[in-house]
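For reference, the chains in residue letters:
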Amino acid sequence: MNRNFQHHNNLIFEKYRASKFSPQEYQEYENSLKYYRDLKNSLNTAKEEGFVEGKIEGKIEGKIEGKTEGKIEVARNLLQEGLDVKFIIQMTGLSEQQINELKK
C-alpha cells in the first residue's frame, strides 16, 4: 500500500510540475514520456517473448528426450528377447554403440 501511495504522490507531483511548463517544454516532456513508455513496453515484450521461447524450447527438448528414452526402452526389451543388434538398429534408429552400451 505504501508503494501505491508513493506512486500516486509522484504522479500528482509530475502533473503539478508539468502544469508550469511552457508549451514547448510540455511537448518535450510528453515526448520524453512517450519514449520512456515505448522503451518500457519494448523491454516487457522482449521479456515475454523470451519466456515463451524458452518454454517452447523446453517442451521440444523434453519431447526429444522422451522419444530417445522410449527407443532405448524398446532396444532393451528387444535385447532381452535375444534379437539381433542390426535388427534393433533398424527398429529403433539407435546407433550400434548406443545398443552395445545397453548390453553392459
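Cut-offs and rules
- Residues numbered from 1 in each chain as written.
- Predicted model: local features only at pLDDT ≥ 70, side-chain atom pairs only at ≥ 80, totals over all residues.
- Heavy atoms only, no water.
- Helix = DSSP H or I, 4+ residues; strand = E, 2+ residues; numbered from the N terminus.
- Contact = heavy atoms within 4.5 Å.
- Areas by Shrake-Rupley, 256 points an atom, 1.4 Å probe, with all protein chains shown as cover.
- Patch = residues over 30% accessible without salt bridge, like charges linked within 9 Å, V, L, I, M, F, W, Y side chains within 5 Å.
- Salt bridge = Lys/Arg side-chain N within 4 Å of Asp/Glu carboxyl O.
- Lys, Arg positive; Asp, Glu negative; His and termini not counted.
- Charge placed at Lys NZ, Arg CZ, Asp CG, Glu CD.
- Core = buried A, V, L, I, M, F, W, Y, C linked by side-chain atoms within 4.5 Å.
- Buried < 20%, exposed > 50% of the residue type's maximum accessible area, 1.4 Å probe, protein only.
- Arc of directions from axis to C-beta.
- Polar contact = N/O pair within 3.5 Å; in protein donor to acceptor, adjacent residues only side chain to side chain.

Caption draft 1: Main features of the overall build of the chain. Scanning the chain from terminus to terminus reveals four helices and zero strands. Contacts in the chain between residues at least 24 apart in sequence constitute 13% of all its contacts with a sequence separation of at least 6. Total accessible area computed for the chain in this model is approximately 9,300 Å², and 55% of it derives from carbon and sulfur atoms.

Caption draft 2: Highlighting a positive patch on the surface. On the surface, a cluster of positive charge is made up of Lys55, Lys59, Lys63, Lys67 and Lys71. Here Lys55 is to be found in helix α2 (residues 23-80).

Caption draft 3: Quick look at the nonpolar core. Membership of the largest hydrophobic core is limited to eight residues, which are Ala75, Leu78, Leu79, Val85, Ile88, Leu94, Ile99 and Leu102. Broken down by secondary-structure element, the contributors of at least two residues to this core are α2, α3 (85-92) and α4 (96-103). When residues in this core are grouped by element, the largest group, three residues, is from α2. Beyond its immediate sequence surroundings of up to four residues, Ala75 is in contact with Ile88, Thr92, Leu94 and Leu102.

Caption draft 4: Region of interest: α3. Those residues of α3 lying buried are Val85, Ile88 and Thr92. Down the axis of α3, the sector holding all buried residues measures 55 degrees, keeping them to one side. Opposite the buried face of α3, at more than 90 degrees from it, the exposed residues are Lys86 and Gln90. Looking at the packing, one finds that the buried side of α3 touches α2 and α4. For α3, the N-terminal capping position is held by Asp84, with its side-chain oxygen 3.3 Å away from the main-chain nitrogen of Lys86. Where α3 ends, the next residue or the one after it, Gly93, has phi of about 80 degrees, a positive value.

Caption draft 5: Local environment of the pattern of salt bridges. Inspection of the entire model under this criterion finds two salt bridges. For Asp38, the salt bridge goes to Lys34, with nearest N and O atoms at 2.9 Å. Of this pair, Asp38 and Lys34 both sit in helix α2, four residues apart, which is roughly one turn of that helix. Among the salt bridges present, the one from Arg76 reaches Glu73, with a minimum N-O distance of 3.9 Å. Taken together, the residues Arg76 and Glu73, both in helix α2 and three residues apart, mark about one turn of the helix. Under the relative-accessibility criterion, Arg76 is labelled partly exposed at 39%.

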